[in-house]
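Working through the structure, step by step
Spelled out, the chains give:
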Amino acid sequence: MKRIQYSRYGGPELMRVEDFKLPAVGKGEVAVSVKFAAINPIDWKLRAGQMKIVTGRTFPRAMGMDFSGIVTAIGAGVTRLQVGDAVFGLAKFKESGALGQAVVTKEAFLAVKPDNVSFKDAACLGTPGVTAWNGLIDKAKLQSGQHVFINGCAGAVGEAAVQIAQLFGATVSGSCSARDVKRAGSLGVTSVYDYRTTDVSKIASRFDVVYDTAATLTLSDGMSMLREGGVFLDLNPGLGKFIRAVFDRRLKPIIGTPRAEILDKVAEAAGAGNFGIPIGKLVSLDHAIALIAELERGGKLGGKGVVAME
């Protein structure tokens, strides 16, 4: 079998499509024959070594977090899934491996794919859905009737956050580029601001939740947009922010943490037609490295980059 991997931390030139041997499933784990994988910024951040304190120094290392496919083996203690199930979800953070023909991950990182959602669309749901849910529901405890501002509302996590906020009865405002304003409006964002021409911290409205999915707001600007009792969700956490969050309950640094409960809810919403992430470009595994490098350089697709394994 083949997958994208690298032999040391560094730039995009290190990526290779190479043969690998799939490890045996362990307790609570599932092996999946991958049909499609979606590209996320975390893929190249891990390859660059930004999280090597977690990922370690064992090489070669695989790439890719989000995927869809068919279960081919289950480990001891697996109860939600069985061989032959169509699934979507996330690879294990430390090992990654979604950008390959097969992967082993935790059962808790997967959900059964709805019959009416295609494999290629399902591959896009994992990281955006989980990250949006972690922020809005786990951290902000979003309630119906609240007003949410999403900075970067046309990105993958931003679009996921728009949809999840609406599922919970919130009103959504947000910022994006001028070319995406119309799409944001079609998603139900009531007030959309062009981030290039608007200083969002100067917007007159105040919000119960500000989610910086673009990771471009300063703490002071994000906090200034809050109503009393509001919460600022920061998708660019660091040690200093975690320390500050201990003393300032308005600040909630976000690290994507998948759970079966979240993925099942995402699957339910996608199956009902209430949740989805657009695809910008579809390529084969042989052309995936070029697409990853393009996105890493700042290329825009108007949707997710998706890789077909067959």
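What comes next is a walk through the structure. (Residues numbered from 1 in each chain as written. Predicted model: local features only at pLDDT ≥ 70, side-chain atom pairs only at ≥ 80, totals over all residues. Heavy atoms only, no water.)

1. Remarks on the side chain of Thr55
Relative to the elements of secondary structure, Thr55 occurs in helix α2 (residues 52-55). On the basis of relative accessibility, which here comes to 3%, the residue Thr55 falls in the buried class. In this structure Thr55 touches Tyr9, Leu46, Arg61, Phe93 and Lys94, once residues within four positions along its chain are discounted. (Helix = DSSP H or I, 4+ residues; strand = E, 2+ residues; numbered from the N terminus. Buried < 20%, exposed > 50% of the residue type's maximum accessible area, 1.4 Å probe, protein only. Contact = heavy atoms within 4.5 Å.)

2. Describing a nonpolar patch on the surface
Among the surface-exposed residues, Met51, Ile53, Val54 and Phe93 lie close enough to one another that they form a single nonpolar patch of about 370 Å² accessible area. One can find Met51 in the loop between α1 (41-47) and α2. For Met51, a relative accessible area of 32% translates into the label partly exposed. (Patch = residues over 30% accessible without salt bridge, like charges linked within 9 Å, V, L, I, M, F, W, Y side chains within 5 Å. Areas by Shrake-Rupley, 256 points an atom, 1.4 Å probe, with all protein chains shown as cover. Salt bridge = Lys/Arg side-chain N within 4 Å of Asp/Glu carboxyl O.)

3. Considering the packing of helix α4 (residues 126-139) against helix α5 (residues 156-167)
Axis separation between α4 and α5 bottoms out at 8 Å; the angle between their running directions is 55 degrees. Comparing the axis directions of α4 and α5 gives the class oblique. Along this stretch, α4 crosses α5, giving a crossing that reads as right-handed. Residues Pro128, Gly129, Thr131, Ala132, Trp133, Leu136 and Ile137 of α4 form the contact with α5, whose own contacting residues are Ala156, Val157, Ala160, Ala161, Ile164 and Ala165. (Axes fitted to C-alpha atoms, helices over the stretch in contact; angles between N-to-C directions. Parallel < 35°, antiparallel > 145°, perpendicular 65-115°, else oblique. Left-handed = near helix turned anticlockwise from the far one by under 90°.)

4. A look at α4
Along its 14 residues, α4 runs 18 Å from first to last C-alpha, staying within 8% of the 20 Å computed at 1.5 Å per residue. Taking the largest bend as the criterion, α4 deviates by roughly 30 degrees, centred on Trp133. Burial within α4 is extensive, with twelve of its 14 residues counted as buried. For α4, the complete set of buried residues consists of Gly126, Thr127, Pro128, Gly129, Val130, Thr131, Ala132, Trp133, Asn134, Gly135, Leu136 and Ile137. Just downstream of α4, Lys141 is the residue with a positive phi angle, here 55 degrees. (Expected span 1.5 Å × (residues − 1). Bend = angle between axes of the 7 residues up to and from the residue.)

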